[in-house]
Amino acid sequence: QLRRQARERREYLQRRAREQQQQRQRERRESLRRALDENRLLPTELRHEALALQKELEFDFQAPGETGDSQDDEYRWAGLEPPKVMVTTSRDPSARLRLFAKELCLLLPGARRMNRGRAELGALVGACRAAGVTDLLVLHETRGRPDGLTVSHLPHGPTAHFTLSGAVLRQEVGGLGGAPLAAPHLLLLRLDSTLGKRVRPGGAWGTWGGHWGHGGTTGGTGGERRMHTWGNHVYRRRGRTVELEEVGPRFQLRPYLIRLGTLEQGDAADVEWRWHPYTATAPKRRLLSAT
């Protein structure tokens, strides 16, 4: 089993490296195409291979909007079968964190909660992988306050780490009935940067939200429909107006680290992106910009 997992991991990394190389070549061809169409000087780094790239352009039939990063798109088969999401906590969780984990399962269709106990990360990830779990969520806390979320996509990764703040439980919202059972809609705004596309539902990695809410157009009972703005709301149509009611929980997520491996690999996994608050480099500006 361990040999098979190591082999599958190597094959995945090889396919991913090959697709990244092909993507870089496509970007160079596209840069040459734009320079020729706009009748301007060729970029310096392309001048020595411009003729070869121009010959490749004659056979470049990539569809508009196609990225070609299928190996890096962990949810390219989303919709063919429902995801299996497992939610757990850090060791010795407080009552508030256990309740928050339970309510998080209400947000994600089909998610299940698992008691952490004394299980090590390696054993935890191995058990989830053997059970066919697609995503493992681990909640963290400081002095009883939920303050972190780690999302690991199985079997090969990636793993994203989020800062969680402003957690408000359902019982703290007040005036609630039963939990809504309708599959949720997701409302997303201003996630057009490279990083935003990576972590948003519909992007390469962050399809986790859209994938988990895969049935998002199904209506609930009593004319209710549900949506996630990370608050959780139900809405009802009243003629031409829409009434929105928060049902909780509510929280804010900010990514600070994305690694290419699974959770138990820790620092051994390669870092894809890390938040450097005091770094003002050109690559960071391009990553966070909308263009």
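It should be emphasised that the depicted structure is a prediction, and the values quoted were computed from it without experimental measurement. (Residues numbered from 1 in each chain as written. Predicted model: local features only at pLDDT ≥ 70, side-chain atom pairs only at ≥ 80, totals over all residues. Heavy atoms only, no water.)

**Some remarks on the packing of aromatic side chains**
Our working rule: Think of it this way: a Phe, Tyr or Trp ring, Trp meaning its six-membered ring, pairs with another when their centres are within 6.5 Å, and the plane angle makes it stacked under 30 degrees, edge-to-face over 60, tilted otherwise. Only DSSP runs of H or I with at least four residues qualify as helices, and only runs of E with at least two residues qualify as strands; both kinds are numbered from the N terminus onward. Exposure categories follow from relative accessible area, calculated using a 1.4 Å probe and restricted to protein chains: below 20% of the type maximum is buried, above 50% is exposed, and the middle band is partly exposed.
On inspection of all chains with the given rule, the structure shows one aromatic pair. Note on Phe100 and Phe251: the rings are 5.7 Å apart at their centroids and 80 degrees apart in plane angle, and the pair reads as edge-to-face. Here Phe100 is found in helix α3 (residues 95-107), whereas its partner Phe251 is found in strand β10 (residues 250-259), with 151 residues between them in sequence. Side by side, Phe100 and Phe251 carry an identical accessibility label, which is buried.

**Remarks on the pattern of salt bridges**
Rules: Salt bridges are defined by distance alone: a side-chain nitrogen of Lys or Arg within 4 Å of a carboxyl oxygen of Asp or Glu.
By the definition in use, this model includes nine salt bridges. Two residues, Arg250 and Glu246, come together in a salt bridge whose shortest N-O distance is 2.7 Å. Taking the relative accessible area as the measure of exposure, Glu246 reaches 21% and is therefore partly exposed.

**Regarding the environment of Arg143**
With respect to the secondary-structure elements, Arg143 resides in the loop between β3 (135-142) and β4 (145-153). Remark: the alpha-carbon pair of Arg143 and Pro93, spanning 50 residues in sequence, is separated by 9.8 Å.

**Describing the side chain of Thr262**
Selection criterion: As used in this structure description, the phrase polar contact means that two N or O atoms lie within 3.5 Å; if the pair is within protein, one of them must be able to donate a hydrogen and the other to accept it, and residues adjacent in sequence are counted only when both atoms belong to side chains. Whether two residues are in contact is decided by their heavy atoms: any pair within 4.5 Å suffices.
Note that Thr262 resides in the loop between β10 and β11 (271-274). You can call Thr262 buried: its relative accessible area is 4%. Only 2.8 Å separates the side chain of Thr262 from the side chain of Glu264, close enough to count as a polar contact. Filtering out sequence-adjacent residues up to four positions away, Thr262 remains in contact with Arg129, Ser152, His153, Leu154, Pro155, His156, Gly157 and Thr159.

**Overview of the sheet that holds strand β2 (residues 112-113)**
What counts is decided by this rule: Two strands are counted as paired when DSSP detects at least two bridges linking them. Whenever a helix is involved, its axis is fitted only over the stretch in contact; in every case the axis is a line through C-alpha atoms, and angles between N-to-C directions fall within 0 to 180 degrees.
The strand order across the open sheet built from seven strands is β2-β1-β3-β4-β5-β10-β11, with neighbouring strands paired in mixed fashion. Of all the strands in the sheet, the pair left with one neighbour each is β2 and β11. Of the strand pairs in this sheet, β4 and strand β5 (residues 159-168) are connected by five bridges, and their pairing is antiparallel. In the strand pairing of β5, Ser152 is matched with Thr159. Against the sheet, α3 makes contact with β1 (85-89), β2, β3, β4, β5 and β10, and its axis sits at roughly 145 degrees relative to β3, the strand it touches most.

**As for the nonpolar core**
Going by this rule: Definition used in this section: a nonpolar core is a set of buried Ala, Val, Leu, Ile, Met, Phe, Trp, Tyr and Cys residues joined via side-chain atoms within 4.5 Å.
Judged by nonpolar contacts, the single largest core of 24 residues is most densely connected at Val87, Leu104, Leu137 and Leu139. At the level of secondary structure, the elements contributing two or more residues to this core comprise β1, α3, β3, β4, β5, α6 (194-199) and β10. The greatest single-element share of this core, amounting to six residues, is contributed by α3. In terms of nonpolar packing, the next biggest core, distinct from the first, is built from nine residues, Cys128, Val133, Leu136 and Leu263 among them.

**Quick look at unusual backbone geometry**
A cis geometry characterises the amide bond from Leu154 onward to Pro155, with omega recorded as 15 degrees. By the element assignment, Pro155 lies in the loop between β4 and β5. With an omega dihedral of 10 degrees, the bond running from Gly157 to Pro158 counts as a cis peptide bond. The topology assignment puts Pro158 in the loop between β4 and β5. Even without being glycine, Asp92 reaches a positive phi, approximately 50 degrees. Secondary-structure assignment places Asp92 in the loop between β1 and α3. With a relative accessible area of 70%, Asp92 lands in the exposed category. Despite not being glycine, Arg143 shows a phi value in the positive range, around 55 degrees.

**Some thoughts on the confidence of the model for the protein chain**
The following threshold applies: The pLDDT value expresses, per residue, how confident the predictor is, ranging between 0 and 100.
Averaged over every residue, the pLDDT of the protein chain is 76; the share at 70 or more is 74%. With pLDDT under 50 throughout, residues 63-68 is counted as low confidence; its partners more than four residues away or in other chains account for six contacts. When the criterion is pLDDT under 50, residues 202-210 qualifies, and its contacts beyond four places in sequence or with other chains add up to 36 contacts.

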